[in-house]
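# A structural walkthrough
Below are the chains, spelled out letter by letter.
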Amino acid sequence: MQYKKVGLFISTLLLLQVGFAQRSSFNGNWQFIGQEYVSKQQIDSFRRLGNNWNDQFLVEQTNVTDTTVTAEARNLNLQLRTLAHKTWQRVALPHTAFPEPLVIVKPREGIAWYKKTFRLPEGNRGKSVSLYFEAAMQVADIWVNGTYITRHTGGYLPFVIDITKLVRFNADNTIYLKLNNKANPVVPPGKPVEKLDFIYYSGLYRSVWLDVKDPLHITDAVAAGQPAGGGIFVTYPQVNKAQATVQVQTHIINEYPRARRFTVEQLLLNERNQVTARAVSAGNNLVAAGAAHYEQQLTVVRPLLWHPDHPYRYRLKTIIRSGNKIVDERITPIGIRSFEITKERGLLINGEPFKITGTNRHQNYPYVGNALSGNASYRDAWLIKNAGMNAVRTGHYPPDPAFLEAADELGLLIINCIPGWQFFNRSAAFQDHVMEDIRQTIRRDRNHPSVLLWEVSLNESYPPAAFRCRQAEVARSEWKGTANFFTSGDSYFTKACWDVPYDDWNGDPGARNNTTYPDHPFLIREYGDYEFGGGNSTTRKLRGDGQDALLQQAWNLQWEHNKNQKNYPRAIGDLTWAFFDGLAGVVVGIEGWGVADIFRIPKFSYAFFQSQRDADRLTGAAIATGPMVSIAHYWQQANRWQTVTVYSNCDEVALYLDGKLIGRQKPDRGPETGYGTDFSNGGKPFDGGNANHLLHPPFTFRNISFAPGTLKAIGYIVGKVVASNQVSTAGPASKILLQVAENGKPLKAHTTDLVFIYAKITDEKGNLAVNATSAVTLEIKGNATLESPATVQAEAGIATFLVRTTEAAGRLDIKAHAAGLPGTVQRVF
């Protein structure tokens, strides 16, 4: 959707005046108060120690068992009495109510209050006015101008409140939200955070939008509450290279007190803004307070199809005219594509075979949790695509819309998950909530070309088969036709109703299969962690654990990814757990399962997956492709296997030390070895084996003696040099180099953004001092704030800071310094 910003800020008040339908950011000028839960035991402990009790803390309360709103909850004045002597803090969205340290001992829970005062000019009187909340964690009570509106439950999906009858013009309007982020047993996921393998976090952590529309307008798909309807719904009954059919359903509501006549026009615009197809309805008549769906079809000759390797997108422009006036207009980015999945042929995209090499992602950052900027979500998608992966499972909840938009643009397939993880409640309230989550997830995301599978099951939760079949039935009721729609979910060794079930885990990662659904294709939804020891997995390695640990992780992933290929095409692909290191309520510390760390810094395994990408340069690819070579070694000392592994998609690699040839060889061709969590039971890491099913096996150089110097790898294809990479032994740490982690989305002035800053400790020549753990301090000059501490310890030579910029940021300088090292200053913009 195209968002147009209008109006200006005057003091703390937002003034907006619109013509036809407009959506504007409502993220600025909020105020906030947080009241954190503590236990009764903590209160008693404070009092015994003689500490003053600070009433900003609330006694931890038992969760409600249903979503009934009491009279007390409706009374704003009563609710605000507890805040009467508090000072409101000015904040902007996205916002975390209870920020966390890097290492979380117990995730913070409590009540978060938000309020915002805004104005609408008199010229907007008679318009339809609503607020669109992308998400709020996780039970929200809302008041507008003192009137209680509703309670929304669920922390990952949007909700809309219509304030048309409450808003005042040319006068102050105030909205209050009360959020409770504590787990609720009838609100999925439902599991207490201290038992959860991720964290709920807190606050208004996604964007809020103000919609001011003509009373005759296109509805919002979530607010409309129409099965397979509401808003704009685009499907593709026919797709081939010669011609495609684009079916558009538009839901329009007339909130005028009289009937209105209008036309619906659909324009399909290419990337050069040229009209490639057009459809205009005859005159329509809609009675007062009426709403209806309108179907139109566009024929596209020689369409440019959306595909992960060349993700071409059109823009569908929907125009509603009444008389000679445009009363509403909507832009919907779309991608014309077809999906087919069968046991015999696997996944076909636009009729062509496609193999998934993918991963799982939690969206959280350190310190701020899920309160990411849109650019931060884009950078995550860019890193995943740049790693050579082509699919992401959004475990275990629907992602930020910005992440899906990035997936559409970059060419990442999405396995879209409803909220749920290892918890099932037999109460009707919980089960009904699950079904509503399915409906709203599909309504929100159905037009994204990147969404391949709808995971509408509760992950690892083992509900009855009848409940899972009901989940699949509800999901299908939200789709038009049968093409391009596939549900997915866990098998649990009991057959239910999924189109693409996941593999039946039987304890042997070398025998991935699905015996529960023998006639179905399946997907390997997670590998690389649990089967190598779970919480004690040899795959869970932090960057600070050192070179050999990271090599072991890369080997584990190679070993299993290689075996997974034997199941293709029935297994349409496999997904690592997970792409970024994570944080969990059930674990104290960082879980090091990622191919990149929690600060988004790649590990050796990142280069392994890059090497599985084809060496051809893809025309139309969103990220540069082609030949690559990467040395998986710090070259500070020999590793314990006395090997050097080079990841490459070339057909030959030569390795040199200070210009002297060590060896030139073809890819590894050794045998497969047996399963063992640390490969002590028959497995032999780095012996040149376990690569016989890979598209591009690594190059393992054995019996390598270490000597300080520069190690260089040169990649050849058909005898021609096409790529190179080198690492050098680092000397003493002597300086700090600063790097903004832009990752496909540059940090710009006058933008609200969230970005990592890397302070790299290097020797005089710029070689990373991977053993450096010095404390580094970052100073900022400009309109930006540090979300991380100002001083952090370097890990494997890199100290990482998290910086948030604002629209007022017109110049930003950063300075880093550490004991014994000269300071360094860099202008970011």
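Since the structure is predicted, the reported quantities are computational estimates derived from the model, not experimental observations.

This paragraph deals with the side chain of Thr-441. Position of Thr-441 relative to the elements: it lies in helix H7 (residues 428–445). A relative accessible area of 2% means that Thr-441 is categorised as buried.

Strand order in the open sheet made by the four strands is E39-E38-E41-E42, with antiparallel pairing throughout. Pairing within the sheet leaves two strands with one partner each, and these edge strands are strand E39 (660–665) and strand E42 (720–728). On average, each strand axis in the sheet is inclined to that of its neighbour by 20°, with strand direction left out of account. By the bridge criterion, five bridges tie strand E38 (residues 652–657) to E39 in an arrangement that is antiparallel. Along E39, the bridge assignment pairs Leu-655 with Gly-663.

Enumeration according to the criterion identifies one disulfide in this entry. At a sulfur-sulfur separation of 2.0 Å, the disulfide partner of Cys-469 is Cys-497. Here the disulfide of Cys-469 and Cys-497 is right-handed, its torsion about the S-S bond being about 80°. Here Cys-469 is found in helix H8 (residues 465–476), whereas its partner Cys-497 is found in the loop between strand E30 (487–489) and strand E31 (500–501), with 28 residues between them in sequence. Lacking any disulfide linkage, Cys-417 is separated from the closest cysteine sulfur, that of Cys-497, by 19 Å. A relative accessible area of 1% places Cys-417 in the buried class.

Once that is clear, we can look at the pairing of strand E8 (residues 128–133). Successive side chains on a regular strand alternate, one facing one side of the sheet and the next facing the other. With six of its six residues buried, E8 lies for the most part within the structure. Neither face of E8 is open: one carries Ser-128, Ser-130 and Tyr-132, the other Val-129, Leu-131 and Phe-133, and all of them are buried. Note that E8 and strand E13 (residues 208–213) share six bridges and pair antiparallel. Within E13, the residue paired with Leu-131 across the bridge is Leu-210. The pairing of E8 with strand E11 (residues 159–162) spans four bridges and is classified as antiparallel. Across the sheet, Tyr-132 pairs through a bridge with Val-160, a residue of E11.

Moving on to the packing of aromatic side chains. Scanning all chains against the criterion turns up 32 aromatic pairs. Among the aromatic residues, those joined into a cluster by ring pairs are Phe-26, Trp-30, Phe-32, Tyr-114 and Phe-118. The ring centre of Tyr-568 lies 4.5 Å from the NZ or CZ of Lys-355, which sits over that ring. When the ring centre of Tyr-716 is taken as reference, the NZ or CZ atom of Arg-664 above it lies at 3.7 Å.

The final tally for this structure, using the stated rule, is 41 salt bridges. Ionic pairing is found between Glu-652 and Arg-664, a salt bridge with its closest N-O pair at 3.0 Å. With Glu-652 in strand E38 and Arg-664 in strand E39, this pair connects stretches of sequence that are 12 residues apart. Overall, the relative accessible area of 15% leaves Glu-652 in the buried class. Overlapping salt bridges, with partners in common, bring together Arg-393, Glu-455, Glu-460, Asp-490, Arg-525 and Glu-526 in one network.

Our focus in this paragraph is helix H5 (residues 374–386). Helix length check: H5, at 13 residues, gives a terminal C-alpha distance of 18 Å against a target of 18 Å (1.5 Å per residue), a fit within 8%. Along H5, 11 of the 13 residues are buried, which leaves the element largely enclosed by surrounding structure. Within the sequence span of H5, burial applies to Ala-376, Ser-377, Tyr-378, Arg-379, Asp-380, Ala-381, Trp-382, Leu-383, Ile-384, Lys-385 and Asn-386. Residues of H5 that are buried in the fold lie against strand E26 (356–360), strand E27 (391–393), helix H6 (401–410), helix H10 (604–611) and strand E44 (753–762). Phi for Gly-388, located one or two positions after H5, is positive at around 90°.

Next up on the list: helix H9 (residues 547–564). The end-to-end C-alpha distance of H9, which contains 18 residues, comes to 26 Å, matching closely the 26 Å that a straight helix rising 1.5 Å per residue would cover. The buried fraction of H9 amounts to 17 of the 18 residues, a majority that puts the element mostly inside the structure.

Let's shift gears to a nonpolar patch on the surface. Together, Val-103, Val-105 and Val-588 give the surface a local cluster of nonpolar side chains, amounting to about 270 Å² of exposed area. Note on placement: Val-103 falls in the loop between strand E6 (89–91) and strand E7 (110–118).

One finds Ile-384, Ile-438 and Phe-579 to be the most contacted residues of the largest nonpolar core, which totals 65 residues. The greatest single-element share of this core, amounting to six residues, is contributed by H9. If we ignore the near neighbours within four places in the chain, the residues touching Ile-438 are Ile-418, Val-456, Gln-471, Val-474 and Ala-475. In this structure, Tyr-205, Val-368, Leu-754 and Val-792 belong to the second largest nonpolar core, which totals 56 residues.

With that settled, the discussion passes to the environment of Ile-761. Its location among the elements puts Ile-761 in strand E44. Judged by its relative accessible area of 0%, Ile-761 is buried.

Before going further, it helps to spend a moment on the sheet that holds E11. The strand order across the open sheet formed by four strands is E3-E13-E8-E11, and the pairing between neighbours is antiparallel. The sheet is open, and its two edges are formed by strand E3 (22–25) and E11, each paired on a single side. Pairs of neighbouring strands in the sheet enclose a mean axial angle of 25°, with direction left out of account.

Where H5 meets H6, the closest approach of the two axes is 8 Å, and the angle between their N-to-C directions is 40°. One element, H5, and the other, H6, form an angle in the oblique class. H5 and H6 meet at a crossing whose hand is right-handed. Where H5 approaches H6, its residues Gly-374, Ser-377, Tyr-378, Asp-380, Ala-381, Trp-382, Ile-384 and Lys-385 are matched on the opposing element by Ala-402, Phe-403, Ala-406, Glu-409 and Leu-410. Taken together, the residues of the contact of H5 with H6 sort by class into eight nonpolar, two polar and three charged.

Cut-off values and rules
Residues numbered from 1 in each chain as written. Predicted model: local features only at pLDDT ≥ 70, side-chain atom pairs only at ≥ 80, totals over all residues. Heavy atoms only, no water. Helix = DSSP H or I, 4+ residues; strand = E, 2+ residues; numbered from the N terminus. Buried < 20%, exposed > 50% of the residue type's maximum accessible area, 1.4 Å probe, protein only. Pairing = 2+ DSSP bridges. Axes fitted to C-alpha atoms, helices over the stretch in contact; angles between N-to-C directions. Disulfide = S-S within 2.5 Å. Phe/Tyr/Trp six-rings, centres within 6.5 Å; stacked < 30°, edge-to-face > 60°. Lys NZ or Arg CZ within 6 Å of the ring centre and 35° of its normal. Salt bridge = Lys/Arg side-chain N within 4 Å of Asp/Glu carboxyl O. Expected span 1.5 Å × (residues − 1). Contact = heavy atoms within 4.5 Å. Patch = residues over 30% accessible without salt bridge, like charges linked within 9 Å, V, L, I, M, F, W, Y side chains within 5 Å. Areas by Shrake-Rupley, 256 points an atom, 1.4 Å probe, with all protein chains shown as cover. Core = buried A, V, L, I, M, F, W, Y, C linked by side-chain atoms within 4.5 Å. Parallel < 35°, antiparallel > 145°, perpendicular 65-115°, else oblique. Left-handed = near helix turned anticlockwise from the far one by under 90°. Nonpolar A, V, L, I, M, F, W, Y, C, P; charged D, E, K, R; others polar.

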